[in-house]
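# Chain and residue survey
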Amino acid sequence: ELAEELGVSRVPFREALPYLEADGFITSQSRRGAIVTELTLRDAQELFDVRLGVEVHAASLAARRVANGASPAAVREAMARAERALADGEAGPIAESNAELHETIVALAGNSLLIAMMRSVFGRNRWIFRMTSNRDPVVACAEHRELCEAIFAGDADFAAATAYAHIERGRKPTLETLKEVLPPG
């Protein structure tokens, strides 16, 4: 029914279900299909905790790789897209470009296991970024610029500290916004 409603073939729809389940967006129930997972405030809090561990480390690794000669071009491009989205002023593209920037920094870290582990975090991040697009995008963009500059300079410690501060600064306003729309969990 959903494939028909969305105007897509059943095969790609069925193939997408395991990915959606792995990313935590649906829960399969034998003989009953799948149900959409309800995001809770606790899920959002846990997401921030995971991001503090993994994204901070990824920023440090990305800066180390740049210091050792890796090209930061993809991160520069992602930052430029985020700045263009900010200039256009539309919440959806801003949220999307911010999520993309975080993902590009993790990719620059060059750790395939870390990248694979982050896949479900990325999906949840995008979900939350869209739900909380009221966070001041100018402030977030300035924080992103500072983080990117630390990575471009190859300063692993400053990149890690900046990533930590950025994630923590976003925690409180995000959770305050989500408190209005999500169950506690």
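All of these numbers come straight from a predicted model, not from anything done at the bench. (Residues numbered from 1 in each chain as written. Predicted model: local features only at pLDDT ≥ 70, side-chain atom pairs only at ≥ 80, totals over all residues. Heavy atoms only, no water.)

This brings us to helix α5 (residues 91–109). Along its 19 residues, α5 runs 28 Å from first to last C-alpha, staying within 8% of the 27 Å computed at 1.5 Å per residue. Two residues or fewer after α5 comes Gly110, characterised by a positive phi angle close to 75°. (Helix = DSSP H or I, 4+ residues; strand = E, 2+ residues; numbered from the N terminus. Expected span 1.5 Å × (residues − 1).)

This part covers the environment of Gly170. Summarising the element assignment, Gly170 is placed in helix α8 (residues 156–179). Residue classification places Gly170 among the buried positions, given a relative accessible area of 4%. For the pair formed by Gly170 and Arg135, sequence separation is 35 residues and the distance between their alpha carbons is 7.9 Å. Apart from residues lying up to four places away in sequence, Gly170 is in contact with Phe48 and Arg135. (Buried < 20%, exposed > 50% of the residue type's maximum accessible area, 1.4 Å probe, protein only. Contact = heavy atoms within 4.5 Å.)

It is worth spelling out the layout of surface pockets at this point. A volume near 290 Å³ is recorded for the largest pocket. For the lining of the largest pocket, the secondary structure elements donating two or more residues are α1 (2–6), α2 (10–22) and β2 (33–36). Examining the composition of the lining of the largest pocket, we find that 5 residues originate from one element, α2, more than from any other. Partitioning the lining of the largest pocket into residue classes produces 9 nonpolar, 1 polar and 4 charged. Taken as a whole, the second largest pocket holds about 150 Å³ of empty space. Gly24, Thr37, Leu39, Asp43, Glu46, Leu47, Val50, Ser120, Val121, Arg124, Trp127 and Ile128 together form the lining of the second largest pocket. If you list the elements that add at least two residues to the lining of the second largest pocket, you get α3 (41–67) and α6 (112–131). Take the lining of the second largest pocket: its biggest share by element is 5 residues, from α6. Considering only residue class, the lining of the second largest pocket consists of 6 nonpolar, 3 polar and 3 charged. (1 Å grid on protein atoms, 1.4 Å probe; cavity = no way out; pocket = protein on both sides within 12 Å on 5 of 7 lines; lining within 4 Å. Points joined across faces, edges and corners; volume = space filled by probe spheres on them. Nonpolar A, V, L, I, M, F, W, Y, C, P; charged D, E, K, R; others polar.)

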